[in-house]
Amino acid sequence: MAGYRVDGLLGQGGMAIVYRATQLSLDRVVALKLLAAELSDDPSFRARFKREGQLQAGLDHQHIVPVYEAGDSEHGLFLAMRLIPGATLKQLILGGDLNPRRTLRLLMQVALALDTAHAKGLIHRDVKPQNILIDRDDHVYLADFGLTKSQDDTAGLTGTGQFLGTIDYVSPEQIQGLPATAASDCYALTAVLYECLTGEVPFVAPNEAAALHAHVVKPPPRVTDVRPELPAALDDVIAAGMAKDPTARPSPTSELIRSAARAVAPGSLEAVPGQQTVLSDGQGGSVMTLAGGPAAATRLTGTPPALASASAGHRATLAAAQRRRGLAGVAAPLAAALFVAALVAGFLVGKGGQSSGAGRLTSSALAGHVLLNYPSDWRLASAPPAVAGLAFSEPLSLAAREAGNGLIAGEIHNASGSTLLARSFRSRVLGALPSAEPMKLGTVEAYRYPALRAAGASGALTLYAVPTSAGVATVICKSARAGAGAFQSQCARAVSTLRLVGAVAYPLTPIASYAERLSAAFAQLGRAAPSQLGVLRAPPSTAAQAQAARQLAAAYAKAAGELSIVAVSPLVAGAHEMLVTALTALSRGYGRAAGGALSGNTSAYTGARAELARARSSLEDALRALAALGYTVAH
């Protein structure tokens with residue numbers, strides 16, 4: 001048929017049938033997609049089928065199935081595409097071959113493909129596991145752009161008002177007859193993410209009408225209702241991606257997967273923002289303070305070690321409103337009681353039964369993931385004092401007996417780099433920034449900056465910074481005047497009790513697992529790049545030149561995709577982001593070079609070479625920044 005030998009059947013859907021075939025002129029195995037015979041006479045389906053070839057061929061992206069040819073034959077319209085050996089994502093789901101991290105590695109590649117399509121004003125409209133193809137190296141291809149349309153295309157192609165899309169993944173706005181947008185694809189990809197994590201579609205319904213109704217009116221499903229061992233933060237990711245309001249969904253689509261990657265970081269904990277909450281021991285004493293909300297708002301992965309030794313005699317009551325989305329029945333009060341009992345056992349009894357008294361560390365407070373003991377004669381401040389340049393997440397503020405002295409603790413999310421300080425704060429430090437003093441706070445490593453003075457902050461500051469999986473845990477001892485030695489000593493004792501709850505501390509030295517991920521990514525590039533670069537230097541033909549550039553684009557995109565979902569220490573976060581950005585830019589540059597070579601557009605190819613030069617310079621900058629942190633990568 002039209003120069004192809006049909007070798008076997010690959011699959012069949014409502015619109016087309018797909019064969020394994022050989023393109024005789026090039027002796028190349030392809031996937032040959034033929035419009036279903038009963039639809040050949042329908043002008044609207046023919047128009048849509050022709051458009052698929054045009055659109056998909058125009059989307060030159062390493063994660064979109066390449067189209068070799070689109071044409072007409074005696075048997076009807078056809079597309080010849082690259083045959084992807086491997087499996088569909090649906091097959092992996094049904095086979096139980098996915099875990100959260102592999103899911104995110106695969107779906108990040110889909111999201112990057114969608115970002116490219118959306119940047120060109122194109123909407124896929126049928127994102128589903130059956131259209132996501134995975135080769136043997138876990139390289140992902142997004143297929144079946146037959147329903148793709150331009151964002152400004154208001155003319156329907158079905159003519160009969162036939163619904164376009166797949167019911168298990170379709171967005172509410174599409175069901176209601178509103179135009180599909182990039183947010184519609186985000187909704188569908190979120191539904192796919194949910195299915196990968198749980199093994200079932202978001203809305204299991206007895207019929208199509210019930211499924212459509214659920215998409216429009218039911219709240220997004222919760223991952224933890226099906227897989228309670230997964231981080232609760234994933235529920236928020238799904239809720240955002242499947243929001244009924246399209247404008248509330250993540251943008252670009254890849255941000256959805258990045259949010260999910262942050263949610264599955266080891267030791268996750270979800271704390272609902274709220275007022276400071278005091279927990280009592282049932283006997284009139286205050287045993288713990290939660291700066292971020294009630295204890296029932298805390299979801300821990302795993303069992304806190306102290307639970308094993310918690311005495312049944314420790315009773316706790318919750319003096320706060322229940323969490324906005326609490327556990328059902330008695331689970332929430334019970335969880336709160338056990339959690340507080342564990343803290344009492346681990347942090348009060350474990351101190352040797354100290355009696356309450358001035359200066360003794362007999363009270364505890366939790367600010368986000370930071371747990372501290374503090375003196376009983378300190379009190380909660382009504383509002384934390386502002387420290388210019390530092391934006392605490394869920395801050396805890398404690399005031400000492402002496403006016404103007406106090407402690408501020410919490411997490412800072414915009415602090416990174418070798419100093420672990422926010423750039424906005426570093427710029428306000430008066431005089432030279434003192435060298436960070438490495439130290440141990442219990443089992444975690446921290447930097448200490450003594451006697452800091454900063455513009456906009458009265459008095460002297462001693463700052464402690466701990467790199468964690470949830471940001472930089474930061475504690476400040478703030479004295480009203482220099483030389484407040486007694487308070488600073490007392491505050492240092494409180495800081496020395498710092499523990500992390502639901503987060504993992506990173507060391508201050510290079511991390512072997514991260515170094516291995518870097519080495520693996522660049523080793524892969526080292527295997528792929530040299531031969532292709534040789535072709536680009538002396539291309540035997542334009543086609544070979546384009547193919548080499550395309551393969552380089554795929555190699556750099558794979559490295560960027562794999563590294564983009566690696567959880568990194570705040571110490572290397574800035575350099576890591578530079579690295580991923582540079583790798584992505586190299587992928588984009590080689591992709592444009594391939595397009596320029598294939599079309600014979602000399603100016604486009606020259607522009608791509610200039611873009612590649614800038615990207616290579618950025619890559620060198622990123623590698624130098626990593627080398628300064630102890631990570632030397634051969635490339």
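Now for a quick tour of the structure. (Residues numbered from 1 in each chain as written. Predicted model: local features only at pLDDT ≥ 70, side-chain atom pairs only at ≥ 80, totals over all residues. Heavy atoms only, no water.)

## Quick look at the overall build of the chain
As a reminder, the rule being used: The numbering of helices and of strands both runs from the N terminus, where a helix is a DSSP run of H or I of at least 4 residues and a strand a run of E of at least 2. Here's how the labels work: a residue is buried when its accessible area is under 20% of the maximum for its type, exposed when over 50%, partly exposed in between, all with a 1.4 Å probe on protein chains only. The contact criterion used throughout is that any non-hydrogen atoms of two residues lie within 4.5 Å. Only the protein chains shown count as cover for residues, and the accessible areas themselves come from Shrake-Rupley with a 1.4 Å probe.
Within the chain one finds 16 helices and 25 strands. Within the chain, buried positions represent 50% of all 635 residues. Within the chain, counting contacts between residues at least 6 apart in sequence, those at least 24 apart form 63% of the total. Just so you have it, the chain exposes about 27400 Å², and 54% of that area is on carbon and sulfur atoms.

## Some remarks on the side chain of S564
Note the following rule: Two N or O atoms form a polar contact when they lie within 3.5 Å of each other; inside protein one atom must be a possible hydrogen donor and the other a possible acceptor, and for residues adjacent in sequence the pair counts only when both atoms belong to side chains.
Following the sequence through the fold, S564 ends up in helix 14 (residues 542-564). Polar contacts involving the side chain of S564 include one to the main-chain carbonyl oxygen of G561, which spans 2.8 Å. Beyond its immediate chain neighbours, meaning those up to four positions away, S564 contacts M108 and V580.

## Observations regarding the pattern of salt bridges
Using the following cut-off: By salt bridge we mean one thing: a side-chain nitrogen of Lys or Arg within 4 Å of a carboxyl oxygen of Asp or Glu.
According to the stated counting rule, one finds 14 salt bridges in the structure shown. Linking R249 and E173 is a salt bridge whose minimum nitrogen-to-oxygen distance equals 2.7 Å. With R249 in the loop between helix 8 (233-241) and helix 9 (254-263) and E173 in helix 4 (residues 172-175), this residue pair connects regions lying 76 residues apart in the sequence. Residue R249 is classed as buried on the basis of its relative accessible area of 5%. What makes E173 buried here is its relative accessible area of 4%. A salt bridge links E229 to R227, with the nearest nitrogen and oxygen atoms 2.4 Å apart. In this structure R227 comes out as partly exposed when scored by relative accessible area, which is 27%. It is possible to trace a salt-bridge network through shared partners that takes in R222, D225 and D235.

## Regarding the packing of aromatic side chains
The way to describe two aromatic rings as a pair is by their centre distance and the angle between their planes. Quick reminder of the rule: Each aromatic pair joins two rings of Phe, Tyr and Trp (for Trp, the six-membered one) with centres within 6.5 Å, and gets the label stacked for planes under 30 degrees apart, edge-to-face for over 60, and tilted for any other angle.
Following the criterion strictly, the structure yields 4 aromatic pairs and no others. Measuring from ring centre to ring centre gives 5.7 Å for Y4 and F78, while their planes differ by 65°; the resulting arrangement is edge-to-face. You can see Y4 sitting in strand 1 (residues 4-12) and its partner F78 sitting in strand 5 (residues 76-82), a full 74 residues away along the chain. We classify Y4 as buried; its relative accessible area is 3%.

## Quick look at the packing of helix 5 (residues 182-198) against helix 9
Axis angle and axis distance: for two packed helices, these are the angle between their axes and the distance between the axes, and together they describe the pair. In plain terms, the rule: Working convention: axes come from line fits to C-alpha atoms, limited for helices to the stretch in contact. Angles between N-to-C directions cover 0 to 180 degrees. Here is the rule for angles: anything less than 35 degrees is roughly parallel, anything more than 145 is roughly antiparallel, 65 through 115 is roughly perpendicular, and the remaining ranges are oblique. Should the near helix be turned anticlockwise from the far one by less than a right angle, the crossing is left-handed, and should it be turned clockwise, the crossing is right-handed. For this scheme, ten residues count as nonpolar: Ala, Val, Leu, Ile, Met, Phe, Trp, Tyr, Cys and Pro. Four count as charged, namely Asp, Glu, Lys and Arg, and the remainder, Gly too, count as polar.
The interhelical angle for the contact between helix 5 and helix 9, taken along N-to-C directions, is 30°, at an axis separation of 10 Å. Regarding the angle of helix 5 to helix 9, the classification is roughly parallel. The two elements helix 5 and helix 9 meet at a crossing, and its hand is right-handed. Judged by residue contacts, C186, L189, T190 and L193 of helix 5 engage L256, I257 and A260 from helix 9. When grouped by side-chain class, the residues that make up the contact of helix 5 with helix 9 number 6 nonpolar, 1 polar and no charged.

## So, the state of the cysteines
The condition that has to hold: Two cysteine sulfurs form a disulfide in these notes if their separation is within 2.5 Å.
What the rule picks out here adds up to 1 disulfide. The disulfide partner of C477 is C491, and the S-S distance across this bridge is 2.0 Å. Handedness of the C477-C491 disulfide follows from its S-S torsion of about -85°: it is left-handed. Here C477 is found in strand 24 (residues 471-479), whereas its partner C491 is found in helix 12 (residues 485-495), with 14 residues between them in sequence. Side by side, C477 and C491 carry an identical accessibility label, which is buried.

## A short note on the nonpolar core
Taken as a class, soluble globular proteins show a tendency for nonpolar side chains to be buried jointly. So the rule is basically this: Put simply, a nonpolar core is a bunch of buried Ala, Val, Leu, Ile, Met, Phe, Trp, Tyr and Cys residues held in one set by side-chain atoms that sit within 4.5 Å of each other.
Within the largest apolar cluster, 66 residues are counted, with the highest numbers of intra-cluster contacts made by L390, F425, L463, Y514, L579, L583 and L626. Secondary-structure elements contributing two or more residues to this core are strand 20 (406-412), strand 22 (444-452), strand 23 (460-468), strand 24, helix 13 (512-537), helix 14, helix 15 (570-599) and helix 16 (602-628). Among the elements that take part in this core, helix 15 stands out by supplying 13 residues, more than any other. When residues no more than four places from it in sequence are discounted, the contact partners of L390 are I412, A422, F425, L463 and I476. A111, L197, V201 and F203 belong to the second-largest nonpolar core, a separate cluster that totals 48 residues.

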